[in-house]
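As a plain string of letters, each chain reads:
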Amino acid sequence: MAALDFPPELLIRAQGEGLAIKLAIFDVDGVLTDGRIYISERGEEFKAFSTLDGHGLKSLQQVGITPVIITGRDSPAVRRRVADLDLQHAVYGVRDKLAAAEPLLAQLGASWGEVAVMGDDWPDLPLMARAGFACAPPGAHAEVLAIAHHVTRAAGGHGAARECCDVLLMAAGHYERLLHAHHATLDGGKA
């Protein structure tokens, strides 16, 4: 039995608008990071990412929910993290996130009712307003919090994206199976 539990009405909402969630779009700054940007005197940009979030994104991939990154900034750190997680769909340095998302939805054969979005600021609003399921970290802007279907307990960059992934996995009926697989040891016994 899982220790994690979400209200049934949230899980129903996280199934999308009468359809299954096919893809999940994540912002980076403020969602996959804490929103702070560290820049060295040489102009190098540094960001800190949570391994919890990374595992959540990989878990979505395992069950056929495609994680997508759409971010307003472009940096080698973000590109490296996306590559390390083997994420196949990412758009960097975009001002209009809706214009960036539309071709991806068409390419992946998804309607907005089959999309989850996690964002934290105004550029994410057009995506969140159309999504079947919208999620935000607690430090998000007030306008984002007002339209989010779920506000995570965890902060951006500290497991917020993982919590969103867990909601999606539970709503799709995959959470318990994935959890059980992690309890098994390499020799097939129980941990």
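This write-up is about the structure you can find in this document. Computed from a predicted structure; not experimentally measured. (Residues numbered from 1 in each chain as written. Predicted model: local features only at pLDDT ≥ 70, side-chain atom pairs only at ≥ 80, totals over all residues. Heavy atoms only, no water.)

A look at the layout of surface pockets
Vacant regions in the atomic arrangement are exposed by a probe of water-molecule size rolled over the atoms. Rule in force here: Within this scheme a cavity is a closed region of a 1 Å grid, computed over the protein atoms alone, that accommodates a 1.4 Å probe without allowing it to escape, whereas a pocket is open but has protein on both sides within 12 Å along at least five of seven lines; lining residues each have an atom within 4 Å of a point. Grid points are joined across faces, edges and corners, and a volume is the space filled by probe spheres set on the points. Following the grouping adopted for this structure description, the nonpolar residues are Ala, Val, Leu, Ile, Met, Phe, Trp, Tyr, Cys and Pro, the charged ones are Asp, Glu, Lys and Arg, and the polar ones are all others, Gly among them.
Put simply, the largest pocket is a space of about 180 Å³. Among the residues making up the lining of the largest pocket, the classes are represented as two nonpolar, two polar and eight charged.

With respect to the pattern of salt bridges
Filter applied, for reference: We define a salt bridge as a side-chain nitrogen of Lys or Arg found within 4 Å of a carboxyl oxygen belonging to Asp or Glu. Each residue is placed in one exposure class: buried if its accessible area under a 1.4 Å probe, protein chains only, is under 20% of its type's maximum, exposed if it is over 50%, and partly exposed if it falls in between.
In the structure shown here, the tally under the stated rule is 13 salt bridges. Glu44 serves as the salt-bridge partner of Arg42, at 3.5 Å between the closest nitrogen and oxygen. Looking at Arg42, the relative accessible area reads 65%, which means it is exposed. By relative accessible area, which is 34% here, Glu44 ends up partly exposed.

Details of the environment of His182
Going by this rule: Under the scheme used here, helices are H or I runs from DSSP no shorter than 4 residues and strands are E runs no shorter than 2 residues, and both carry numbers assigned from the N terminus.
Structurally, His182 can be placed in helix 8 (residues 175-183). Placed 148 residues apart in sequence, His182 and Asp34 show a C-alpha to C-alpha distance of 28 Å.

Examining the packing of helix 2 (residues 51-62) against helix 7 (residues 160-171)
The relative placement of two packed helices comes down to the angle between their axes together with the axis-to-axis distance. Selection rule: Here the axes come from fitting lines to C-alpha atoms, over the contacting stretch only for helices, and the angles between their N-to-C directions go from 0 to 180 degrees. Oblique is the label for every angle not falling under 35 degrees (roughly parallel), over 145 degrees (roughly antiparallel), or within 65 to 115 degrees (roughly perpendicular). The crossing is said to be left-handed when, going from far helix to near helix, the turn is anticlockwise and less than a right angle, and right-handed when the turn is clockwise. In this description, contact between two residues means that some pair of their heavy atoms is separated by no more than 4.5 Å.
Contact geometry for helix 2 and helix 7: axes closest at 7 Å, N-to-C directions at 30 degrees. If you check the angle between helix 2 and helix 7, you find them roughly parallel. In this structure, the crossing between helix 2 and helix 7 has a hand that is left-handed. Contacts between helix 2 and helix 7 pair Leu52, Asp53, His55, Gly56, Leu57, Ser59 and Leu60 from the former with Ala160, Ala161, Arg162, Cys165, Leu168 and Leu169 from the latter. Partitioned by chemical class, the residues of the contact of helix 2 with helix 7 number eight nonpolar, three polar and two charged.

Quick look at unusual backbone geometry
With phi around 60 degrees, Asp86 is a residue other than glycine that occupies positive phi space. Here Asp86 shows up in the loop between helix 3 (76-84) and strand 5 (89-91).

A short note on the side chain of Asp27
The test is simple: In the analysis that follows, any N or O atom pair within 3.5 Å is treated as a polar contact, provided that within protein one partner can donate a hydrogen and the other can accept it, and provided that, for residues neighboring in sequence, both atoms belong to side chains.
On the secondary structure map, Asp27 appears in the loop between strand 1 (23-26) and strand 2 (38-39). Within the structure, the side chain of Asp27 is placed 2.9 Å from the side chain of Lys97, a separation counted as a polar contact. Non-local contacts of Asp27, meaning those with residues more than four positions away in its chain, are made with Leu32, Ile70, Thr71, Lys97, Met118, Gly119, Asp120 and Asp124.

Some points on the side chain of Thr152
Position of Thr152 among the secondary structure elements: in the loop between strand 8 (150-151) and helix 7. The buried category is assigned to Thr152, whose relative accessible area is 3%. At 2.7 Å, the side chain of Thr152 forms a polar contact with the backbone oxygen of Ala154. With residues up to four places along the chain from it excluded, the contact list for Thr152 reads Met118, Cys135, Ala136, Pro137, Pro138, Ala160, Glu163 and Cys164.

With respect to the sheet that holds strand 7 (residues 133-136)
The following threshold applies: Note on pairing: two strands pair once DSSP finds at least 2 bridges between them.
Judged by pairing direction, the sheet is parallel, and its six strands sit side by side in the order 5-4-1-6-7-8 without closing on themselves. The open sheet is flanked by strand 5 and strand 8, the only strands paired with a single partner. When strand 1 meets strand 4 (residues 66-70), the two strands line up parallel, connected through four bridges. Across the sheet, Ala24 pairs through a bridge with Pro67, a residue of strand 4. Along the sheet, helix 4 (residues 97-108) contacts strand 1, strand 4, strand 5 and strand 6 (115-118); its crossing angle with strand 4, the most-contacted strand, is approximately 155 degrees.

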